[in-house]
Amino acid sequence: RSRHALHDDRGMTDKPATVRDLIGAYFVEQCTVLIDSEAQLRAEEDVVHTTRVAVRRLRSTIRVFADLFDPAEADHLESELIWWATLLGEVRDLDILIERQAALLAALPPELTLGPVSSTIHTELATRRKRATDDVTDALNSERYRKLIGMIHHWRSDPPFTAAADSPTDAIEAGIKKAKKKARKRLSTAVAVRRVGEPSDELFHRARKASKRYRYAVEAAAPVWGSKADKIVAQRKDLQDLLGNHQDGIVSAAFLRELGARVGIRSGQNGFSYGILNAREAAAGDAL
C-alpha cells in the first residue's frame, strides 16, 4: 500500500507539517532499503533491482530538492551512490538483456537459426553476468562500501537539512513543478527530433531519466498529495515502461551487432541470425 494510504488510516492530523518531516520520511524508507540489502545481496537474493531503485530515489530527491540539503554533503553522497548504482546496474542490465534475448530466440523460426546462436548468446551473457556479480561482491567487501553505508546511516538518522527544510510542505511544489517541466521539455525535444528522422535514442533516454525524477518527487509528496500523487505516479510508470522498452531494445540491438560481428566469422558460426534478431529489434523500436 502507498504511504499516504497508510497515513489516511491514522487520520488527517498525522500529515507531515514541514518539508523536513515529509522528505525525511522518504529518506528513511530509501536508506533502510539500502542498509537491509547488504545481507540480501550477499545471500544472492533477487534484490538488485529494488536496491538500485532506492539509489535512484535518493539521488532524485537530492537533485530535485537541492536547496534542502547541505551542498557538500549532498554532492559527496551522490558521487558514492553513482559508484554503487553503476555496479548494480551492470547486473540488472544483464538480467534484462538475458530475458530479452530469450524472448527473441523463442520467436525466431528454426529455418532462420543458423549455427549455435542460442548457446553462444547464453554463454556470452552468463560470462558477463558472473563478472558483474563478482564486481558487486568485491565492492561489498571494500572500505569504500563501508564508508558509503556509514554515510547512509547518517542520512537516515540525521539528514543534513538546511533551514529551507523547516518550511511548510507546500514549499516542495516549486521543485516538483520544475522537475515536471524538464521531463516534458526533454520528451517533446526527443519526439520532435524523431519526427524529422534525426538520431533521437539518447534524447529519449534523457527524457526517461527526467521522467523518473519527476515521478520520484511526486512519490515523496504522496503523504500530502494523496490520490493526486497516485494518478501522476501511475501515468509516469506507463511512460517509463514505454521508454524503458525502447532503451532495452537499443541495448539489445547493440549487443547483437557486436556479438554477431565478432563470432559470425568463426568456423561453425554464422552471422545471419544475429542480423535477423538485430533487424527485429530495430523494427520494434520503430513501432514504439
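That block above? That's the structure.
Caption draft 1: Fine view of the packing of aromatic side chains. Taken as a whole and assessed by the stated rule, the structure comprises six aromatic pairs. Between Trp-83 and Trp-84, the aromatic rings sit 6.0 Å apart at their centres with planes inclined by 35 degrees, giving tilted as the arrangement. Each member of the pair, Trp-83 as well as Trp-84, carries the same accessibility label: buried. Feature note: the residues Phe-27, Phe-69, Trp-155 and Phe-161 constitute an aromatic cluster, connected by ring pairs. In this structure, Lys-228 packs its charged tip against the face of Trp-225, placed 4.1 Å from the ring centre.

Caption draft 2: Structural context of the side chain of Ser-211. Looking at the element boundaries, Ser-211 is found in helix α8 (residues 201–225). Given a relative accessible area of 1%, Ser-211 falls into the buried group. The contact partners of Ser-211, leaving out residues within four places of it in the chain, are Ala-183, Arg-236, Leu-239 and Gln-240.

Caption draft 3: Representation of a negative patch on the surface in the model. Together, Asp-70, Glu-73, Asp-75 and Asp-158 give the surface a local cluster of negative charge. Position of Asp-70 among the secondary structure elements: in the loop between α3 (48–64) and α4 (71–106). Relative accessible area serves as the criterion here: at 30%, Asp-70 is assigned to the partly exposed category.

Caption draft 4: The arrangement of α8 in detail. Compared with an ideal rise of 1.5 Å per residue, which puts 25 residues at 36 Å, α8 spans 34 Å between its outermost C-alpha atoms and is within 8% of the ideal. Approximately 35 degrees is the largest bend angle found in α8, and it occurs at Glu-219, with the proline Pro-223 only one to four residues beyond. Of all 25 residues in α8, 18 are buried; the element is thus mostly enclosed. Downstream of α8 by a residue or two, Gly-226 has a phi angle that is positive, lying close to 65 degrees.

Caption draft 5: Main features of the pattern of salt bridges. Taken as a whole and assessed by the stated rule, the structure comprises 17 salt bridges. Its salt-bridge partner being Arg-57, residue Glu-219 comes within 2.9 Å of it at the nearest N-O pair. Separated by 162 residues along the polypeptide, Glu-219 in helix α8 and Arg-57 in helix α3 bring together distant segments of the chain. On the accessibility criterion, Glu-219 (13% relative accessible area) is buried. Here Glu-258 and Arg-128 are joined by a salt bridge, their closest N and O atoms 3.4 Å apart.

Cut-offs used in this document
- Residues numbered from 1 in each chain as written.
- Predicted model: local features only at pLDDT ≥ 70, side-chain atom pairs only at ≥ 80, totals over all residues.
- Heavy atoms only, no water.
- Phe/Tyr/Trp six-rings, centres within 6.5 Å; stacked < 30°, edge-to-face > 60°.
- Buried < 20%, exposed > 50% of the residue type's maximum accessible area, 1.4 Å probe, protein only.
- Lys NZ or Arg CZ within 6 Å of the ring centre and 35° of its normal.
- Helix = DSSP H or I, 4+ residues; strand = E, 2+ residues; numbered from the N terminus.
- Contact = heavy atoms within 4.5 Å.
- Patch = residues over 30% accessible without salt bridge, like charges linked within 9 Å, V, L, I, M, F, W, Y side chains within 5 Å.
- Areas by Shrake-Rupley, 256 points an atom, 1.4 Å probe, with all protein chains shown as cover.
- Salt bridge = Lys/Arg side-chain N within 4 Å of Asp/Glu carboxyl O.
- Lys, Arg positive; Asp, Glu negative; His and termini not counted.
- Charge placed at Lys NZ, Arg CZ, Asp CG, Glu CD.
- Expected span 1.5 Å × (residues − 1).
- Bend = angle between axes of the 7 residues up to and from the residue.

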